[in-house]
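Notes for the structure review
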Amino acid sequence: MKITRLFSLAIAGLLATSSSQLANALPPPEDTPEEVLRTEIILEARSPLTGEPLTAAEYDQLQETLGRNEDPLLPSQVRELVFLLQLRRVVKPLLPFL
């Protein structure tokens, strides 16, 4: 009898501690669920060039302007160097002395 009573008390103690741990695992009620955050429309943005705050319309206009810009942002020597480094990375497994 004493063993079964002791066993039942041990199980009850384990259940009580596990239920309190489950309650601690839940987020606080004031947190906004992730599903809601994913559906929010962002109305403010920052400029990728200067970091200043922009409205959605200004950000869209800036993205259009940057997309139309055909001038390269890097000088030709830097672009050539990047190309040569990429070429070296591709060829190096075949010719390890490079």
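Fair warning: this is a prediction, and the values are worked out from it, not measured in the lab. Here the residue numbers are simple positions, counted from 1 along each chain's written sequence. Reporting of local features is limited, given that this is a predicted model, to residues whose pLDDT is at least 70; pairs of side-chain atoms are given and counted only at 80 or more, and all residues count toward the totals for whole chains, interfaces and linings. Based on all heavy atoms of the structure, the side-chain values leave hydrogens and waters out of the count.

Here we look at the overall build of the protein chain
Summing up its helical and strand segments, the protein chain has four helices and two strands in all. Reading the helices (α) and strands (β) of the protein chain from amino to carboxyl end gives α-α-β-β-α-α. Summed over its atoms, the accessible surface of the protein chain is roughly 9,500 Å², and 64% of this surface lies on carbon and sulfur atoms. Helix and strand assignments come from DSSP, with helices taken as H or I runs of at least 4 residues and strands as E runs of at least 2, each series counted from the N terminus. Exposure was quantified through the Shrake-Rupley algorithm and a 1.4 Å probe, taking into account, for residues, occlusion by the shown protein chains and nothing else.

Topic: the pattern of salt bridges
We define a salt bridge as a side-chain nitrogen of Lys or Arg found within 4 Å of a carboxyl oxygen belonging to Asp or Glu. Applying the stated rule across the entire model yields one salt bridge. Here Arg38 ties to Glu34 by a salt bridge, and the two come within 3.6 Å at their closest N and O atoms. Here Arg38 and its partner Glu34 are both found in helix H2 (residues 34-39), four residues apart, which amounts to about one turn of the helix. With a 1.4 Å probe rolled over the protein chains alone, any residue whose accessible area is under 20% of its type maximum counts as buried; one over 50% counts as exposed, and the rest are partly exposed. Using a relative accessible area of 59% as the deciding quantity, one classes Arg38 as exposed.

Quick look at the confidence of the model for the protein chain
Chain-level pLDDT for the protein chain is 77 on average; 74% of the residues reach the 70-or-more range. Across the protein chain, helix H4 (residues 76-91) holds the top mean pLDDT of 90, while helix H1 (residues 2-25) sits lowest at 64. Values of pLDDT, the confidence the predictor places in each residue, fall between 0 and 100.

Focus: the side chain of Ser47
One can find Ser47 in the loop between strand S1 (44-46) and strand S2 (53-55). Note on Ser47: relative accessible area 8%, which makes it buried. Pairing of N or O atoms within 3.5 Å defines a polar contact, subject to two protein rules: one partner must be a possible hydrogen donor and the other a possible acceptor, and residues neighboring in sequence count only if both atoms are side-chain atoms. Reaching out from Ser47, the side chain makes a polar contact with the backbone nitrogen of Thr50 at a distance of 3.3 Å.

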